[in-house]
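Tertiary structure, described
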Amino acid sequence: MSSYQIRPTPGDIRWFRHDRFGMFIHMGLYSLPARHEWIKNREKTPEAKYDLYLKYFNPDLYDPQDWARRAKAAGMKYAVFTTKHHEGFCMFDSQYTDYKCTNTPAGRDLVREYVDAFRAQGLRVGFYYSVIDWHHPQFPIDMLHPRRDDPDAFQQSKGRDVRVYAQYMRDQVTELLTHYGKIDILWFDFSYPERVPEPGKEWMKGKGKEDWESEKLIQLARKLQPGIIIDNRADVEQDLWTPEQYQPIQWLRHPNTGELVNWEACQTFSGSWGYYRDEMTWKSPEMLIRMLVNTVALGGNLLMNVGPTARGYLDKRACDALGVYENWMKYNSRSIYGCTMAEPELLPTCPPDCRYTQSEDGKRLYIHLFAYPFAHLQIQGLAGKVEYAQFLHDGSEILFTEGKVDHFSVGASQASGLFVLELPPVKPDTLVPVIELFLK
Ligand code: GLC
C-alpha cells in the first residue's frame, strides 16, 4: 500500500484519486467574442453591448455527446462544466434569473444535455459554479467588476446587498444539486478577500467567504449531495486544492500542518479557458503528456480544459490535443489510474529525465522516459527489488542486469545496488515510453 497519509477530507475522494484525469469545459456567452472568458472584465463591456451575445447565442452544433466520447477516448474519467461563469450567464434553466440559455436561440437547458451525455459514457459529472457574478444586480462592484472604472461606479454599487446575492447562489446551487441526479464534483470559483483596492477606491474591496456565506453554501451542498467533492475556491478548505495554469514541483502540503493534501491542477490547451479563436499558444503533444505524468508523479489529478466554439463543437485544435491523450492513454493508462507518487525510499533512485509513478498497492513501478537514453537505463538502488520488466505500450520484455556493469569495454565491474535495463536503440513509437517494473 502507498505509504502516504493525506489530510482527511469532508467528501469521499477515493474514486477521484484513482481516476486522476478529467475534462474541464468552459462555455458561455464569452464563447461568441472568442477572445477570453474574462472579456467583460478586460474590455469593460457595457451591459447593452454584452446583451448582443445573449441575443445571438445559438450553439446549433452543441454536441456534448461528442465531447463525452472524446473525453472517454482520451482516458478522462470525469468532467466539470461551467454552469455559470463570472459573466453570470446560466447554462441551465434556473427559475431565479432570466439570464439563461433557455432565453436565447438555444432555447433549452444545456446543462441537462451535458449531464446526460457524460453519464451515458460512464463518466462522472461535475459542475463549475462561479461565485463571482458580473451581471447580478445585487453583486457589489469591486476591482474585478466590468463597471469598476465607470465615473458613477460608486453610485451604481450603492445599495447593492451581497446577502441577497448569497441567497441567490444558495437557490441556484439547490437547483443544480437537485435537478440533475448524482453530481460528483462542485467546483466554486473564486475568492479574493485579500485583494487591495486602488487608493481612493477603498469601498471596492475583494470578496471571500463572508460575502458568499460559504459555510452555509457548502453545508447546503453537502446536505443535498452527501459525498460530493468540493474545491477550495469558496474560501473554505474542502476536499481539493486547485493550482491553476501552474505545475507544482512537489506534492502540495497544507500551509499550517504540513500534511499532504489532495490536489488537482487545472490546465488549458492554449492559455485561455473559453474558446479563443486567435490564441496561438497551443501546447505541444509532448508537453501535454508530460503534464499529466508530472501531475500523477506528485500525487495529483489533472483537469484539462476544452473551450467549445460558440456553435457548440470542439474545434480541430482541441480534438487534435485530445487525440494526443487518446493515443498515449490507450496503451499507457496503467501508469496513471490508481497510481501516485512513488514511495519515499524509491524516489531518490529515479534517473535523470525520468518520472516515476507507482500503483497504490505498491506492486508496480512505472518509469516514464522524458528523454530516451542510449542502450541502457542505469538505476542506482533498484537492484534486488524487481521481478520482471516490460515496456507498457506493447508488453515486451526488457532484460536487465543487477549489481554490475556487464560490458566488455568497462569490464565486469561490481556496482552494488545498480539495476541496468537494456533498451532498444530506437525509441518506441509512443510520445513518452513507459517501463513497467513488477516489484518483488
Ligand atoms: C479562474 C478564472 C477562470 C477560469 C478558472 C479555471 O480563476 O477566473 O476564468 O474559469 O479559474 O480554473
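Anyway, here's the lowdown on the structure attached to this text. From a predicted model like this one, the values you see are computed outputs, not experimental measurements.

**Brief notes about the overall build of the protein**
Counting its secondary structure elements, the protein contains 11 helices and 15 strands. Dimensions of the protein, computed from the C-alpha atoms along their principal axes, are close to 85 × 45 × 40 Å. The buried share among the 440 residues of the protein stands at 57%. Taking as baseline every contact in the protein between residues at least 6 positions apart, the subset at least 24 positions apart corresponds to 70%. Looking at the protein as shown, the accessible area adds up to about 18600 Å², and 51% of this sits on carbon and sulfur atoms. Between the mean site of the 52 positive side-chain charges and the mean site of the 58 negative ones, the protein shows a separation of 1 Å.

**What to know about the pattern of salt bridges**
In this structure the tally under the stated criterion is 27 salt bridges. Across the salt bridge formed by Asp 149 and Lys 201, the nearest N and O atoms sit 3.1 Å from each other. Pair noted here: Asp 149 is in the loop between strand 3 (124–130) and helix 6 (153–157) and Lys 201 is in the loop between strand 4 (185–189) and helix 8 (209–212), with a separation of 52 residues, a long-range link. Owing to a relative accessible area of 37%, Asp 149 belongs among the partly exposed residues under this scheme. Lys 201 sits in the partly exposed class, given a relative accessible area of 22%.

**Examining the environment of Arg 42**
Locating Arg 42 in the fold gives a position in helix 2 (residues 39–42). Its relative accessible area of 49% is what places Arg 42 among the partly exposed residues. It is 21 Å that separates the C-alpha atoms of Arg 42 and Glu 194, two residues lying 152 residues apart in sequence.

**Observations regarding the site of the ligand**
Residues in close proximity to the ligand total 14 residues, the closest being His 26, Glu 37, Trp 38, His 85 and His 86. Side-chain polar atom of His 26 to an oxygen atom of the ligand: 2.6 Å apart, as the coordinates give it. In the model, an oxygen atom of the ligand is placed 3.3 Å from a nitrogen or oxygen of the Tyr 128 side chain. Compared with its free state, where it exposes 300 Å², the ligand has 94% of that area covered by protein. Looking at side-chain class alone, the shell around the ligand contains seven nonpolar, three polar and four charged residues.

**Regarding the packing of helix 10 (residues 285–297) against helix 11 (residues 316–332)**
Helix 11 packs onto helix 10 with a crossing angle of 60° between their chain directions and a minimal axis gap of 10 Å. By the angle between their directions, the pair helix 10 and helix 11 is classed as oblique. Considering how the two elements wind past one another, helix 10 and helix 11 form a crossing that is right-handed. Along its contact with helix 10, which presents Pro 285, Leu 288, Ile 289, Leu 292 and Val 293, the element helix 11 presents Ala 321, Val 324, Tyr 325, Trp 328 and Met 329. Its residues assigned to classes, the contact of helix 10 with helix 11 comprises 10 nonpolar, no polar and no charged.

**Side note on the packing of helix 4 (residues 64–73) against helix 5 (residues 110–120)**
At a minimum axis separation of 8 Å, helix 4 and helix 5 run at an interaxial angle of 35°. Helix 4 and helix 5 meet at a crossing whose hand is right-handed. Contact with helix 4, carried on its side by Pro 64, Gln 65, Trp 67, Ala 68 and Ala 71, involves Glu 113, Tyr 114, Ala 117 and Phe 118 of helix 5 and no other residues of that element.

**Comments concerning the sheet that holds strand 7 (residues 301–306)**
Ordered in space as 5-4-3-2-1-7-6, the seven strands form an open sheet in which the pairing is parallel. Edge positions in the sheet fall to strand 5 (229–230) and strand 6 (264–268), since each has one partner strand and no second. Inspection of the sheet shows strand 1 (residues 21–25) paired to strand 2 (residues 78–84) by four bridges, in the parallel sense. For Ile 25, the partnering residue across the bridge sits in strand 2 and is Phe 81. Sheet strands in contact with helix 7 (residues 162–178) are strand 2, strand 3 and strand 4, and its direction is about 165° off that of strand 3. Relative to the sheet, helix 10 contacts strand 1, strand 6 and strand 7, its axis offset from that of strand 7 by approximately 150°.

**Quick word on empty space enclosed by the protein**
Scanning all chains against the criterion turns up two cavities of 30 Å³ or more. Empty space within the largest cavity amounts to approximately 110 Å³. Around the largest cavity, the lining comprises 13 residues; the ones closest to its centre are Ser 270, Ser 272, Gly 274, Trp 282 and Gly 307. In terms of residue class, the lining of the largest cavity is built from seven nonpolar, six polar and no charged. Roughly 30 Å³ of volume is contained in the second largest cavity. Lining the second largest cavity are Arg 7, Pro 8, Thr 9, Glu 237, Gln 238, Asp 239, Trp 241, Val 261 and Asn 262. Looking at the lining of the second largest cavity residue by residue, the class counts come to three nonpolar, three polar and three charged.

**Notes on the pairing of strand 4**
Two faces, one strand: in a regular strand the side chains alternate between the faces of the sheet. For strand 4, the buried fraction is high: five of the five residues fall into the buried class. Alternating positions in strand 4 separate into two faces, Ile 185, Trp 187 and Asp 189 on one and Leu 186 and Phe 188 on the other, with burial throughout. Relative to strand 4, strand 3 runs parallel, the two sharing five bridges. In the sheet register, Phe 127 faces strand 4, and the bridge partner there is Leu 186. Where strand 4 lies against strand 5, two bridges are found, and the strand directions are parallel. By the bridge assignment for strand 5, Ile 185 is matched with Ile 229.

The rules we used
Along each chain, numbering runs from 1 in the same order as the chain's sequence is written. Reporting in this predicted model follows two pLDDT cut-offs: at least 70 for local features of residues, and 80 or more for side-chain atom pairs to be given and counted; totals over whole chains, interfaces and linings ignore these cut-offs and use all residues. To obtain the side-chain values, all non-hydrogen atoms of the structure were included, while hydrogens and water were left out. Helix and strand labels come from DSSP, where a helix needs a run of H or I of at least four residues and a strand needs a run of E of at least two; each type is numbered from the N terminus. Working definition: with a 1.4 Å probe on protein chains only, accessible area under 20% of the residue-type maximum means buried, over 50% means exposed, and in between means partly exposed. Throughout, a contact is declared for two residues whenever any of their heavy atoms are within 4.5 Å. In this description, accessible areas are obtained by the Shrake-Rupley approach with a 1.4 Å probe, and a residue is regarded as covered only by the protein chains that are shown. Counting rule applied: Lys, Arg positive; Asp, Glu negative; His and chain ends not counted. Working definition for charges: the position is that of NZ of Lys, CZ of Arg, CG of Asp or CD of Glu. The rule for a salt bridge is simple: a side-chain nitrogen of Lys or Arg has to be within 4 Å of a carboxyl oxygen of Asp or Glu. Whether a residue is near a molecule or strand depends on its heavy atoms: it is near if one of them lies within 4 Å of it. Under the rule applied, a polar contact is a pair of N or O atoms within 3.5 Å (in protein, one hydrogen donor and one hydrogen acceptor; residues adjacent in sequence only if both atoms are side-chain atoms). Think of it as three bins: nonpolar holds Ala, Val, Leu, Ile, Met, Phe, Trp, Tyr, Cys and Pro, charged holds Asp, Glu, Lys and Arg, and polar takes everything else, Gly as well. Comment: axis = line fitted to C-alpha atoms, over the contacting stretch for helices; angle = value between 0 and 180 degrees taken between N-to-C directions. When describing relative orientation, an angle under 35 degrees is termed roughly parallel and one over 145 degrees roughly antiparallel, while 65 to 115 degrees is termed roughly perpendicular and anything else oblique. The hand of a helix crossing depends on one turn: near helix anticlockwise from the far one by less than a right angle means left-handed, and clockwise means right-handed. Being paired, for any two strands, means DSSP has found at least two bridges between them. Cavities and pockets were defined on a 1 Å grid built from protein atoms only: a cavity is a group of points that admits a 1.4 Å probe but offers it no way out, a pocket is an open group of points flanked by protein on both sides within 12 Å along at least five of seven lines, and a lining residue is one with an atom within 4 Å of any such point. Grid points are joined across faces, edges and corners, and a volume is the space filled by probe spheres set on the points.

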